[in-house]
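# Observations on chain architecture
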Amino acid sequence: MYIMKSKTWSTVFTSSTKQFTRRPVQPCTALLPYNPLYKQPRRSFSSSLTFNASPQLELPTRQQHYYHHNHPKSLPLFDFFSKSIAKPLPSYIFTHGASGFAKHRHRYTTPDHTKKNEHYYSIQIGEDAYFRRSDAIGVADGVGGWTGVSAANAALYSRKLMHHAYMELERFDNVDDPSFYHYDDADPVSILEKSYEESMQEAKQEGIIGSCTACLAILRHEELRIANLGDCGISVIRHNDYIFRSEEQQHSFNFPYQLGTSSPDRPKDAQSFTVAVEKGDIIIMGSDGLFDNLFDKEILSIVKSQLSTRFLSIEPQKISDALAERAKYVSSCKLNVDSPFQVRAVNEGLYYQGGKADDISVIVAIVNDCEDSPDRRL
């Protein structure tokens, strides 16, 4: 018996009876897996012949396929390595140390709360001032050009600027302040702007004049947000090498951008940077007393000398002490010592030898994990 099939009929030939019998083909009722067939497009070749695809099959729509209600459903797949999955941001804080020398005074590294009228949250070193927090650091350098001017007090002005910057950052930790819920939006330029406004208002009320350069750095998760105006500086060291170094802002040689009385410069003129940081990164911030006396390679060498093989043994206070001591030594030498300030002076056609006598402020901060943080959800 032979069977010949078409789409709708089958022909049966029985040799014994020598008869043909036609009968309709019964549709298959068995549930088949859904295997989509794709229409093959017409394909043209460079030759004169054109080959057409075999007759196309019209596929039924998905709604025409019927599945048993008890057909097991597969579980959705979840890709844990997909980049589209939101991952929690790292939470970092600073462990820090600070050191400094006033140009005409003894070393002063920590606030002395036993002193009268010690109501500032910034630390004074000569005409420099700085503050430290677990999530931010800042330094300001009072401009010495006001020396001899009546009512001038660049040292007090720089301290006010850093004090108000600290107070503005405190608002992000006050649950009763609206800034508490905008912690991640902290912007160093905005902080500097508000601090500048408060300082100018107090200076006017107290009848003092002065100006200073400034550098602020705020840590938010894995971002180090920086605002730098003038010739203070900041650098980031990772794996014994620099990954970031700020540049000076100078109107002319030894005439930096500055905030204060009679200055046309404003906080919006500050350079703004955002640096991605990691655990273990070392932040070096200082006034120009540090960067005018030590080359970058010398700073890096001193940092390396203070590191041991174990991360937990890194002590930022020892690093800041070593940097401040070396800067102080160079600043007092005039022979057989080269300095960045000397190089710039010579490039301007000026004769200069040795380091630059100035106030020296150094802050060293290490990026570490934060074990606890407040819940800032609304």
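Okay, so let's go over this structure. (Residues numbered from 1 in each chain as written. Predicted model: local features only at pLDDT ≥ 70, side-chain atom pairs only at ≥ 80, totals over all residues. Heavy atoms only, no water.)

This brings us to the packing of helix H1 (residues 154-170) against helix H2 (residues 188-206). Packing of H1 against H2 leaves a shortest axis separation of 8 Å and a crossing angle of 135°. Considering the angle they form, H1 stands oblique to H2. Where H1 crosses over H2, the handedness of that crossing is right-handed. On the side of H1, the interface is formed by Leu156, Tyr157, Lys160, Leu161, His164, Ala165, Glu168 and Leu169, while H2 contributes Ile191, Leu192, Lys194, Ser195, Tyr196, Glu198, Ser199, Met200, Glu202, Ala203 and Glu206. Class assignment of the residues belonging to the contact of H1 with H2 gives a composition of 10 nonpolar, 3 polar and 6 charged. (Axes fitted to C-alpha atoms, helices over the stretch in contact; angles between N-to-C directions. Helix = DSSP H or I, 4+ residues; strand = E, 2+ residues; numbered from the N terminus. Parallel < 35°, antiparallel > 145°, perpendicular 65-115°, else oblique. Left-handed = near helix turned anticlockwise from the far one by under 90°. Contact = heavy atoms within 4.5 Å. Nonpolar A, V, L, I, M, F, W, Y, C, P; charged D, E, K, R; others polar.)

So, on to the packing of aromatic side chains. Evaluated as defined, the whole model comprises 7 aromatic pairs. Judged by centre distance (6.0 Å) and plane angle (85°), the rings of Phe131 and Tyr166 are edge-to-face. Taken together, the residues Phe131 in strand E8 (residues 128-132) and Tyr166 in helix H1 connect sequence positions 35 residues apart. Assigned by exposure class, Phe131 and Tyr166 land together as buried. When the centroid spacing of 5.0 Å and the interplanar angle of 65° are considered together, the rings of Phe244 and Phe273 count as edge-to-face. (Phe/Tyr/Trp six-rings, centres within 6.5 Å; stacked < 30°, edge-to-face > 60°. Buried < 20%, exposed > 50% of the residue type's maximum accessible area, 1.4 Å probe, protein only.)

Moving on: the side chain of Asp359. Looking at the element boundaries, Asp359 is found in the loop between helix H6 (340-347) and strand E19 (360-369). Within polar-contact distance, the side chain of Asp359 engages the backbone nitrogen of Lys103 at 2.6 Å. Within the structure, Asp359 has its side chain in polar contact with the backbone nitrogen of Glu127 (distance 2.8 Å). (Polar contact = N/O pair within 3.5 Å; in protein donor to acceptor, adjacent residues only side chain to side chain.)

Space left empty within the atom packing is revealed by a probe, the size of a water molecule, rolled over the atoms. Taken as a whole, the second largest pocket holds about 400 Å³ of empty space. What lines the second largest pocket is a set of 23 residues, and nearest its centre among them are Glu127, Gly142, Val143, Gly144 and Asp358. Within the residue set of the lining of the second largest pocket, elements represented by two or more residues are strand E9 (136-142) and strand E15 (255-256). Looking at the lining of the second largest pocket residue by residue, the classes come out as 5 nonpolar, 9 polar and 9 charged. (1 Å grid on protein atoms, 1.4 Å probe; cavity = no way out; pocket = protein on both sides within 12 Å on 5 of 7 lines; lining within 4 Å. Points joined across faces, edges and corners; volume = space filled by probe spheres on them.)

Here we take up unusual backbone geometry. Here His221, not a glycine, exhibits a phi torsion of approximately 55°, which is positive. Mapped onto the elements, His221 comes out in the loop between strand E10 (211-220) and strand E11 (223-229). By relative accessible area, which is 23% here, His221 ends up partly exposed. Backbone geometry at His239 places phi at a positive 50°, although glycine is not the residue there. Along the chain, His239 turns up in the loop between strand E12 (233-238) and strand E13 (241-245).

Next up on the list: the pattern of salt bridges. Any two side chains of opposite charge can pair, on the condition that their charged atoms come close. Evaluated as defined, the whole model comprises 21 salt bridges. Measuring nitrogen to oxygen at the nearest pair gives 2.8 Å for the salt bridge that ties Glu202 to Lys160. Of this pair, Glu202 sits in helix H2 while Lys160 sits in helix H1, placing them 42 residues apart in sequence. Take Lys160: its relative accessible area is 1%, and that puts it in the buried class. The salt bridge involving Glu315 is made with Lys318; its shortest N-O contact spans 3.6 Å. According to the relative accessible area criterion, Glu315 is partly exposed, its value standing at 38%. (Salt bridge = Lys/Arg side-chain N within 4 Å of Asp/Glu carboxyl O.)

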